[in-house]
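# Summary of the model geometry
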Amino acid sequence: MSKEHLVIVGGVAAGFAAAMEARRRAPDLVITVLEKSGDISYGACGLPYVIAGRIPSLDRLRVHAPEYFSEHHNINVELHTEATEILPAKSIVRVEQKGGAAREIGYSRLVVATGAEAICPPLAGHDLEGIFVLRHLQDGTRLMDFAERTPPREAVVVGAGYIGLEVAEAFCERGWRTTLIEASDKVMSTLGGAGRDRVADELRGRGVEVVFGERVSAFEGRDGRVEHVVTESGRTFAAQIVSIGVGVRPAAGLAQRAGLEIGE
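Presented here is a report on the structure given in the accompanying data block. Just so you know, these numbers come straight off a predicted model, no measurement behind them.

## Structural notes on the overall build of the protein
- The number of helices and strands found in the protein is 7 helices and 17 strands.
- Here the C-alpha coordinates of the protein stretch approximately 65 × 40 × 35 Å along the principal axes.
- Counting across all 264 residues of the protein, residues that qualify as buried make up 42%.
- Taking the intrachain contacts of the protein between residues at least 6 apart in sequence as the baseline, contacts between residues at least 24 apart amount to 61%.
- When the accessible surface of the protein is summed, it comes to about 14,000 Å², and 48% of that surface belongs to carbon and sulfur atoms.
- Charge separation in the protein, taken as the distance between the mean sites of 30 positive and 36 negative side-chain charges, equals 2 Å.

So, in structure tokens, the structure goes:
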């Protein structure tokens, strides 16, 4: 049996695509996938449809459990295990496991598949309860738990990209009075003119208030919970729940700290 060890940091789409391709090419290779959350192999694009109620539960988004990969493909999966440092000169990854001591894992090959992270602008009040970004399964879990504990009446979605449009529709389908705020005059980053108007008209026809040309400047709340979204022009929108969908950035910190070359 080969003693070579492939370590993959990140256990969602890219990480397991790499793991499965490696297994096809090298049946005897030792493969370990490290995932800092408790969720692997899921379809994050379905999150808005769970919120809307079209998909009955978040569990339906999960494709495979860790046992599937270990039993069928001999791939070791370590959940709640965060890679904190890569030491390329020593071929070592330092990890911290939830509830356990920090340790080191040696590798002969390494794949960094840490994906992207949602951007949450550091505006005043951004840490109030009821404000969410929707990127990972755990984000959906937190949002759904919050909505069940304190059902909102009014919702605001910041950003009219793909996720923002889907979440606005989902919030509206939940029966919440929903406002979609977009700083530019476009939807989906590039769609303007007649295309933008058709999308906006469709949303408005479903009950969503669509506001273009307004940039959010702050969130206001009471007792630690969000109550209003404020724009730079001074307009105020009531909201007991807010979804921020202004884009993503590469989660490249681990690779950068290791001195790896980072491309555009």
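## Thoughts on the side chain of Q240
- Along the polypeptide, Q240 turns up in the loop between strand 15 (236–238) and strand 16 (241–244).
- A polar side-chain atom of Q240 sits 2.9 Å from the main-chain amide nitrogen of R153.
- Engagement of the side chain of Q240 in a polar contact is seen with the side chain of E154, the distance being 2.7 Å.
- Excluding its chain neighbours within four sequence positions, the residues that come into contact with Q240 are G130, F146, P152, R153, E154 and V226.

## Notes on the environment of A19
- Inspection of the secondary structure assignment puts A19 in helix 1 (residues 13–25).
- Exposure remark for A19: the relative accessible area of 0% places this residue in the buried category.
- The sequence separation of A19 and A113 amounts to 94 residues, and the corresponding C-alpha distance is 11 Å.

## Things to note about the sheet that holds strand 6 (residues 103–106)
- Strand order in the open sheet made by the 3 strands is 4-5-6, with antiparallel pairing throughout. Two strands lie at the open edges of the sheet, namely strand 4 (81–87) and strand 6, each paired on one side alone. Strand after strand, the sheet turns through a mean of 35 degrees between neighbouring axes, direction not considered.

## Describing the pairing of strand 2 (residues 30–34)
- Burial runs high along strand 2: 4 of the 5 residues are buried.
- Inspection of the sheet shows strand 1 (residues 5–9) paired to strand 2 by 5 bridges, in the parallel sense. Counted as the bridge partner of I8 is V33 from strand 2.
- Remark: the strand 1/helix 1/strand 2 crossover connection has right-handed handedness.
- Across 4 bridges, the pairing between strand 2 and strand 3 (residues 75–78) is parallel. By the bridge assignment, V33 is partnered in strand 3 with V77.

Criteria and thresholds
- Residues numbered from 1 in each chain as written.
- Predicted model: local features only at pLDDT ≥ 70, side-chain atom pairs only at ≥ 80, totals over all residues.
- Heavy atoms only, no water.
- Helix = DSSP H or I, 4+ residues; strand = E, 2+ residues; numbered from the N terminus.
- Buried < 20%, exposed > 50% of the residue type's maximum accessible area, 1.4 Å probe, protein only.
- Contact = heavy atoms within 4.5 Å.
- Areas by Shrake-Rupley, 256 points an atom, 1.4 Å probe, with all protein chains shown as cover.
- Lys, Arg positive; Asp, Glu negative; His and termini not counted.
- Charge placed at Lys NZ, Arg CZ, Asp CG, Glu CD.
- Polar contact = N/O pair within 3.5 Å; in protein donor to acceptor, adjacent residues only side chain to side chain.
- Pairing = 2+ DSSP bridges.
- Axes fitted to C-alpha atoms, helices over the stretch in contact; angles between N-to-C directions.
- Right-handed = clockwise from strand over helix to strand, strands pointing away.

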